Amino acid sequence: MMQEGTNEIKEIIQEDIWGSIKEFMNLGIHLGEGEKSIHLTIGLLLLLAVAFVVTKFLLKWVRHLLTRKMEQEDRQKFSSVFKFTNYVIYLIVVLVTLSAAGIDITIVITASAALFVGLGLALQELFQDILAGILIIVDKSLQVGDIVEVDGKVGKVFEIKLRTTRAITRDDKVVIIPNHKFISDIIHNYTQNHRTTRESVNVGVAYGSDVELVTQLLEEVAHEQKQVLKNPKPFVLFDDFGDSALLFSLHFFTNDSFRDPKIKSDIRYKINTKFLENNVSIPFPQRDVHIFQDQKPLRQ
């Protein structure tokens, strides 16, 4: 008796309850017959909704996993990338759902592939900039405050975006640098390792000058300059015997390489003053010209 009762309950669940659920899920639009039939049912729409919800939570989890160690400012830069990724994944979910409904999506996929290939070729450089921007933000190869030299222009970076980097030049002009340049071109980063850089000023003195005095005067100029660091110490090199002068170079360290031209200009002013006070002359190029007059031809 108990076994018969159990079987009756199972039949009721399978035929009545589960059957009613299946009938409800199968309600919808049914077009055509056989392989070319299309079935857009309530069950399919519910499956699509569940797929969207699951996809949304998965994408949030992946986003958190990738950006958990990033600063808030860097996380905001990735918002556009994640939005684009969300749209692509949602499109895939919709196509899969349409395929499950019996709709032939081959034509849609073919047209989409041709469209994406065309867009990829047209926006190739844009994609390169975005990819380079992602790499820059992730590996910290460039940071706000770095001083870089691009195409002969020196600038201090003040903003890094996914597509471009903005820097202000020494003459207070903003230069917009496409991020792919930091990947494909040779970029000089003055402050990649640390803020201190070594700079130099070259000068020539007349032959016969006291080279020890010249060295002393150059060192004094460096020590008196406020922007020049005391440690590491500045030093002087006797570079070469030039055509018209003895060539020296004053090497110094500074943590303000962005204002490097102004610092060098001040040093040159002081070198000129020091040399005038100590009778050290800075020669200019000279050439000796010898003129030979042609002799008159001898008469026969």
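Here's a quick rundown of the structure. A quick note: this is a predicted structure, and the numbers were derived from the prediction, not measured.

Here we take up the packing of aromatic side chains. Enumeration according to the criterion identifies two aromatic pairs in this entry. Geometrically, the ring pair formed by Phe238 and Phe241 is tilted, given 5.2 Å between the ring centres and 55° between the ring planes. Looking at Phe238, the relative accessible area reads 38%, which means it is partly exposed. Aromatic ring contacts, followed pair by pair, group Phe238, Phe241 and Phe248 into a single cluster.

Position of Gln225 relative to the elements: it lies in the loop between α8 (211-224) and β9 (235-241). Only 2.8 Å separates the side chain of Gln225 from the side chain of Gln227, close enough to count as a polar contact. In this view, Gln225 contacts Lys230, Ile263, Asp266, Ile267 and Lys270; residues no more than four positions away in its chain are not counted.

Here we have five strands laid out as an open sheet, ordered β6-β5-β4-β3-β7, and antiparallel in their pairing. The sheet is open, and its two edges are formed by β6 (174-178) and β7 (188-189), each paired on a single side. Relative to β6, strand β5 (residues 164-169) runs antiparallel, the two sharing five bridges. Counted as the bridge partner of Arg166 is Ile176 from β6.

Our focus in this paragraph is a nonpolar patch on the surface. A cluster of nonpolar side chains, namely Val50, Val54 and Leu58, defines an oily patch on the protein surface of about 260 Å² accessible area. With respect to the element layout, Leu58 can be found in helix α2 (residues 42-67).

Bringing the nonpolar core into the picture now. Val205, Val214, Leu218, Phe248, Ile267, Ile271 and Phe275 are the most contacted members of the largest nonpolar core, which has 19 residues in total. Of all elements in the fold, only β8 (197-205), α8, β10 (246-254) and α9 (260-277) reach the threshold of two or more residues within this core. Top contributing element to this core by residue count: α8, with five residues.

Pairing analysis gives five bridges linking strand β4 (residues 153-160) to β5, with the strands arranged antiparallel. When the bridges of β5 are listed, Gly155 appears paired with Thr169. Following β4, the chain reverses through three residues before pairing antiparallel with β5. The turn linking β5 back onto β6 is made up of four residues, and Asp172 within it adopts a positive phi angle of 60°.

The subject of this paragraph is the pattern of salt bridges. Applying the stated criterion across every chain, the model contains twelve salt bridges. Note that Arg166 is salt-bridged to Glu159, the shortest N-O span being 3.5 Å. Exposure remark for Glu159: the relative accessible area of 27% places this residue in the partly exposed category. The salt bridge partner of Lys274 is Glu220, with a shortest N-O separation of 3.1 Å. Placement of the pair is Lys274 in helix α9 and Glu220 in helix α8, with a sequence separation of 54 residues. Salt bridges here are not isolated pairs; linked through shared partners, they connect Asp151, Lys181 and Asp185.

What counts, and where the lines are drawn
- Residues numbered from 1 in each chain as written.
- Predicted model: local features only at pLDDT ≥ 70, side-chain atom pairs only at ≥ 80, totals over all residues.
- Heavy atoms only, no water.
- Phe/Tyr/Trp six-rings, centres within 6.5 Å; stacked < 30°, edge-to-face > 60°.
- Buried < 20%, exposed > 50% of the residue type's maximum accessible area, 1.4 Å probe, protein only.
- Helix = DSSP H or I, 4+ residues; strand = E, 2+ residues; numbered from the N terminus.
- Polar contact = N/O pair within 3.5 Å; in protein donor to acceptor, adjacent residues only side chain to side chain.
- Contact = heavy atoms within 4.5 Å.
- Pairing = 2+ DSSP bridges.
- Patch = residues over 30% accessible without salt bridge, like charges linked within 9 Å, V, L, I, M, F, W, Y side chains within 5 Å.
- Areas by Shrake-Rupley, 256 points an atom, 1.4 Å probe, with all protein chains shown as cover.
- Salt bridge = Lys/Arg side-chain N within 4 Å of Asp/Glu carboxyl O.
- Core = buried A, V, L, I, M, F, W, Y, C linked by side-chain atoms within 4.5 Å.

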